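Topology and contacts: notes
Residues per chain are reported as follows:
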Amino acid sequence: NAGVTQTPKFRVLKTGQSMTLLCAQDMNHEYMYWYRQDPGMGLRLIHYSVGEGTTAKGEVPDGYNVSRLKKQNFLLGLESAAPSQTSVYFCASSFRGISMEGDTQYFGPGTRLTVL
Amino acid sequence: DQQVKQNSPSLSVQEGRISILNCDYTNSMFDYFLWYKKYPAEGPTFLISISSIKDKNEDGRFTVFLNKSAKHLSLHIVPSQPGDSAVYFCAAPGGGGADGLTFGKGTHLIIQP
């Protein structure tokens, strides 16, 4: 049981390049999320999904796209990378929406992305 | 507009003593709160949570207190151990209409021997 895994762990891009970050979970969770964390900041929600085939915008969605073609995978795409997208990206999953005691999100180890 | 605030970027505590980490929130709709612990180069891991119907929740060395009238919660760790050195995030579901979590900026707890 690997939990939440993220690929790749590190990546360096040049401005204007594109890339896709892959998140996979083996807990059969319905909900999946992408966050970014910048220095001195908390995690901020980029996009999320409440089930296979669904996606929704979070707090900071601009410049990113996502897809959830399979329940266990959630992809985050950068079509034209910018230096402002230099960050650590975390994927998370949960069985359902977080609303009551016992609910929590499970996080992957993160992807450190640098855009030059 | 920060809806979850952790105003202490860092906190240093001696091993064996009590660590108290604070969190304030502005959104009255928040009714469930979570604390996450994060080590460098790892993802956050869930530590403890509290529902707004309670004012205290305890799990071993960790206790979270909630004061709804003050919109304030605190995480107590006693006794503090070296392995507790990490960044601690306070979080709440919602905020901005999305189904994710709204996080504070975190407090870096340093346990000194």
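Above: the structure in question.
Attention in this report is confined to the structure presented alongside it. Given the structure is predicted, the values throughout are model-derived calculations rather than measurements. (Residues numbered from 1 in each chain as written. Chains lettered and ligands numbered in written order. Predicted model: local features only at pLDDT ≥ 70, side-chain atom pairs only at ≥ 80, totals over all residues. Heavy atoms only, no water.)

Comments concerning the overall build of chain A
- Within chain A, the secondary structure is distributed over zero helices and 11 strands.
- In terms of C-alpha radius of gyration, chain A reaches 14 Å, essentially the compact-globule figure of 13 Å for 116 residues.
- Out of the 116 residues in chain A, the part that is buried amounts to 50%.
- Intrachain contacts of chain A at a sequence separation of at least 6 include 57% that bridge at least 24 residues. (Helix = DSSP H or I, 4+ residues; strand = E, 2+ residues; numbered from the N terminus. Rg over C-alpha atoms; globule rule 2.2 N^0.38 Å. Buried < 20%, exposed > 50% of the residue type's maximum accessible area, 1.4 Å probe, protein only. Contact = heavy atoms within 4.5 Å.)

Considerations on the pattern of salt bridges
- As enumerated under the stated definition, the model contains seven salt bridges over all chains in all.
- Here K37 of chain B ties to D84 of chain B by a salt bridge, and the two come within 4.0 Å at their closest N and O atoms. In this pair, K37 of chain B sits in strand 4 (residues 32-38) while D84 of chain B sits in the loop between strand 8 (72-77) and strand 9 (86-93), placing the two residues 47 residues apart along the sequence.
- What makes D84 of chain B buried here is its relative accessible area of 2%.
- When the shortest N-O distance is used, the salt bridge between E58 of chain B and K56 of chain B registers 4.0 Å.
- Taking the relative accessible area as the measure of exposure, K56 of chain B reaches 42% and is therefore partly exposed.
- Here the salt bridges do not stand alone but share partners, grouping R36, D38 and R44 of chain A into one network. (Salt bridge = Lys/Arg side-chain N within 4 Å of Asp/Glu carboxyl O.)

Here's the deal with the interface of chain B and chain A
- Taken together, the contact between chain B and chain A spans 24 residues of the former and 25 residues of the latter.
- For the chain B and chain A pair, buried surface summed over both sides reaches about 1,700 Å², with 59% attributable to carbon and sulfur atoms.
- The largest per-residue losses of area from chain B upon contact with chain A belong to Y32, D99 and F103 of chain B, which jointly make up 29% of the total buried on that side.
- Elements represented by at least two residues in the side of chain B that touches chain A include exactly strand 4, strand 5 (45-51), strand 9 and strand 10 (101-103) of chain B. (Buried area = accessible area lost by both parts, 1.4 Å probe.)

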